[in-house]
Amino acid sequence: MRFSIVALATLVSAVKAFLPTSAFVKPFSSPISTPATALSSRSSGYVCVSPPPADDTLTEIDALLQERNEARYARDYDAADDIRDDLKRRYNVHVYDKFREYEIVERRDRG
């Protein structure tokens, strides 16, 4: 069964007229529930989905995320992984690249 482009466009517009917009646009959902107070890092483009730290570590984290992005775009994945590991070790930051988010997790004492 063949449809012409005009017939197909007409069919699509007729279907869209009867369906809500939400049927065509799937809302973005993150594995982390993003709170209303999420902070967007200015230069890195990542969003902090946890409560912000009390001191100036947010600017240091943002600078490291920006440096990591530059390494990834340069395809220097070893350096990007080292920066990610450094963020996790120094600040306990978990980075979720797929969603452009990061989370500062509280450290737990073992013992």
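Residues numbered from 1 in each chain as written. Predicted model: local features only at pLDDT ≥ 70, side-chain atom pairs only at ≥ 80, totals over all residues. Heavy atoms only, no water.

**A short note on the overall build of the protein**
The helix and strand inventory of the protein stands at 3 helices and 4 strands. For the protein, the N- to C-terminal ordering of α and β elements is α-β-β-α-α-β-β. Relative to its full complement of 111 residues, the protein shows a buried share of 23%. For the protein, restricting intrachain contacts to residue pairs at least 6 apart in sequence, the fraction spanning at least 24 positions comes to 46%. (Helix = DSSP H or I, 4+ residues; strand = E, 2+ residues; numbered from the N terminus. Buried < 20%, exposed > 50% of the residue type's maximum accessible area, 1.4 Å probe, protein only. Contact = heavy atoms within 4.5 Å.)

**With respect to the confidence of the model for the protein**
Low-confidence regions, as indicated by low pLDDT, have predicted coordinates that should not be scrutinised in detail. Across the protein, the average pLDDT comes to 76, with 60% of residues at or above 70. In the model of the protein, strand β1 (residues 39-40) stands out as the element of lowest mean pLDDT, 48, in contrast to helix α3 (residues 77-91), which has the highest, 95. A low-confidence stretch, residues 31-41 stays under pLDDT 50, and its non-local contacts, those more than four residues away or across chains, total 20 contacts. (pLDDT = per-residue confidence, 0-100.)

**Here's the deal with unusual backbone geometry**
A positive phi angle is found at N92, which is not glycine, with a value near 60°. The topology assignment puts N92 in the loop between α3 and β3 (93-96).

**Regarding the nonpolar core**
By size, the foremost hydrophobic cluster in this structure holds 11 residues: Y46, C48, I61, L64, L65, I83, L87, Y91, V93, V95 and Y102. Those elements that provide at least two residues to this core are α2 (57-73), α3 and β3. (Core = buried A, V, L, I, M, F, W, Y, C linked by side-chain atoms within 4.5 Å.)

**A look at α2**
Compared with the 24 Å implied by 1.5 Å per residue over 17 residues, the 24 Å span of α2 between its first and last C-alpha is a close match. T57, I61, D62, L64, L65, R68, N69 and A71 are the residues of α2 that are buried. Close packing links the buried residues of α2 with α3, β3 and β4 (101-104). Remark: R75 follows α2 within two positions and exhibits a positive phi of approximately 60°. (Expected span 1.5 Å × (residues − 1).)

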